[in-house]
Amino acid sequence: MKNRFMIAALAAVLALGTSAPVLAQGSPLRLTITDGVIEPLPFAVPTFTAETAGAEQLASDISRLVAQDLSGTGLFREIPSSAYISQMGAFGSPVAYPDWRAINAQALIGGAVAVNGDQLTVKFRLYDVFTGAELGEGLQFAGTTGGWRRMAHKVADAAYSRITGEGGYFDSRVVYVAEQGPKDNRQKRLAIMDFDGANTQFLTDSSAIVLAPRFSPSGDRVLYTSYESGFPRINLLDVGSVTKRQVATAEGEMAFSPRFSKDGSRVVYSIANGGNTDLYMSDLNSGASTRLTNAPSIETAPSFSPDGSQIVFESDRSGGSQIYIMSAGGGEPRRVSFGEGRYGTPVWSPRGDLIAFTNQNGGQFHIGVMRTDGSEERLLTTSFLDEGPTWSPNGRVLMFTRETQGAGGTSALYSVDISGRNLKEIPVQGGASDPSWGPLQP
């Protein structure tokens, strides 16, 4: 199958193995993303204009972070300022398009920053250099100087969305397990960070083992498994107040692997009893629970489809761990994984078209994706231990845990595009595991 990268409505196509993209003159700027190797779209972000005294540093910081967000996707390539022929004038002033065409900039981002006490205003405009026109209307964001990173992420999200036609993911957060200490005595606590590893905040202490945090669809709550009672139990934590409570579940020796329903009112999870593990659903308000599976096997790692009608999960009912899908109300599941090795930790894409998973085969671990019927399976990574994928809000990127080998091995968070490109480590202080990517912030 030919993999393609398209720019412009008239489809200037970069097929696998060709060189630079060709932009159709006079056509609107549009980057259509498909699988394969692509030539990143060149763009320029001159330092935003400081409209008030004292705004110079923030103007520089914000424009740099916007460029970093876009370049970090692997889909865009920033043109260095040393190549600029001209600079941007005052915000909204005429653009010297020929100067930007001369350095092959296809997109140009202009902005302005104003500071009044601790109040911050950021304005931006996106220009299609080859058509010589603004792409969409200008936007303005207001907040505090302490929230400048969020406003930069919002600018980058808007630019990304206008060029690709997809939703952004920069103004989002990730909850994860922060780790310290040797592998045989590792201290774990919940933490939350921006998608790029900045602004880390701890949500729990390390007095009890915590595992598998999961964001609510609205991003204001987190489910996780805690061993504070000596046995695994499910807690619900409010991110804003950092208060928690134990979730009422069906009776059992252990309750673990929770995940929210689409509307955030219910939780699906595993209950272990007498060596058998089944899936249950509980209402977070009433505490009423429903058993979803009843088999002499281990059913765990459930994840809802985006429309809430189905659940994907892992089960060893066929002998080895495989991926199954069933109705959200229970019923007979169907197996969808048929490749080599063992499959686990399935999670449905927010777009509904793919399921990400962990695959173990031949002494190696992989993060992969497949269609919801099990077709078109692709392994994206290979390592001693890669596991636990989580989706970006737009379904374009996966984040996961990678652990190195040996007694001194450490865990870290990595991300990869669903095409298998742009594999990179997320800069987090200390060890990190079990990421859960939250929605775009309001």
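Residues numbered from 1 in each chain as written. Predicted model: local features only at pLDDT ≥ 70, side-chain atom pairs only at ≥ 80, totals over all residues. Heavy atoms only, no water.

**Focus on the domain arrangement of the protein**
Move 1: When the domains of the protein are assigned, the result is domain 1 (2-164) and domain 2 (172-440).
Move 2: Spacing between the C-alpha centres of domain 1 and domain 2 amounts to 34 Å.
Move 3: Counting residues at the interface gives 16 residues for domain 1 and 13 residues for domain 2.
Move 4: Summed over both sides, the interface between domain 1 and domain 2 buries roughly 1000 Å², with carbon and sulfur atoms accounting for 39% of that surface.
Move 5: The tally of links from domain 1 across to domain 2 stands at two salt bridges.
Move 6: Between Asp-194 and Arg-149 there is a salt bridge, with the nearest N and O atoms lying 3.9 Å from each other.
Move 7: In this assembly, domain 1 and domain 2 are joined by five residue pairs in polar contact (both at pLDDT 80 or more).
Move 8: For the side of domain 1 that touches domain 2, the secondary structure elements donating two or more residues are helix H1 (56-71) and helix H3 (148-164).
Move 9: Its residues assigned to classes, the side of domain 1 that touches domain 2 comprises six nonpolar, six polar and four charged. (Domains from an automatic or database assignment. Contact = heavy atoms within 4.5 Å. Buried area = accessible area lost by both parts, 1.4 Å probe. Salt bridge = Lys/Arg side-chain N within 4 Å of Asp/Glu carboxyl O. Polar contact = N/O pair within 3.5 Å; in protein donor to acceptor, adjacent residues only side chain to side chain. Helix = DSSP H or I, 4+ residues; strand = E, 2+ residues; numbered from the N terminus. Nonpolar A, V, L, I, M, F, W, Y, C, P; charged D, E, K, R; others polar.)

**Describing H1**
Move 1: For H1, which comprises 16 residues, the first-to-last C-alpha distance of 23 Å matches the rise-based estimate of 22 Å (1.5 Å per residue) to within 8%.
Move 2: Elements in contact with the buried residues of H1: strand S4 (41-44), strand S5 (49-50), strand S6 (76-78), strand S7 (107-116), strand S8 (119-128) and H3. (Expected span 1.5 Å × (residues − 1).)

**What to know about the sheet that holds strand S28 (residues 364-371)**
Move 1: With antiparallel pairing, the four strands of this open sheet are ordered in space as S26-S27-S28-S29. A single partner strand is all that each edge strand has here, and the edge strands are strand S26 (342-348) and strand S29 (378-379).
Move 2: One ladder, built from five bridges, connects S26 with strand S27 (residues 354-361); its direction is antiparallel. The residue of S27 that forms the bridge with Tyr-343 is Asn-359. (Pairing = 2+ DSSP bridges.)

**A short note on the pattern of salt bridges**
Move 1: Taken as a whole and assessed by the stated rule, the structure comprises 20 salt bridges.
Move 2: The partner of Lys-183 in a salt bridge is Glu-403, with the nearest N and O atoms 3.3 Å apart. Separated by 220 residues along the polypeptide, Lys-183 in the loop between strand S11 (172-180) and strand S12 (187-194) and Glu-403 in strand S31 (residues 397-403) bring together distant segments of the chain.
Move 3: Overlapping salt bridges bring together Glu-166, Arg-351, Arg-396 and Asp-417 as one network.

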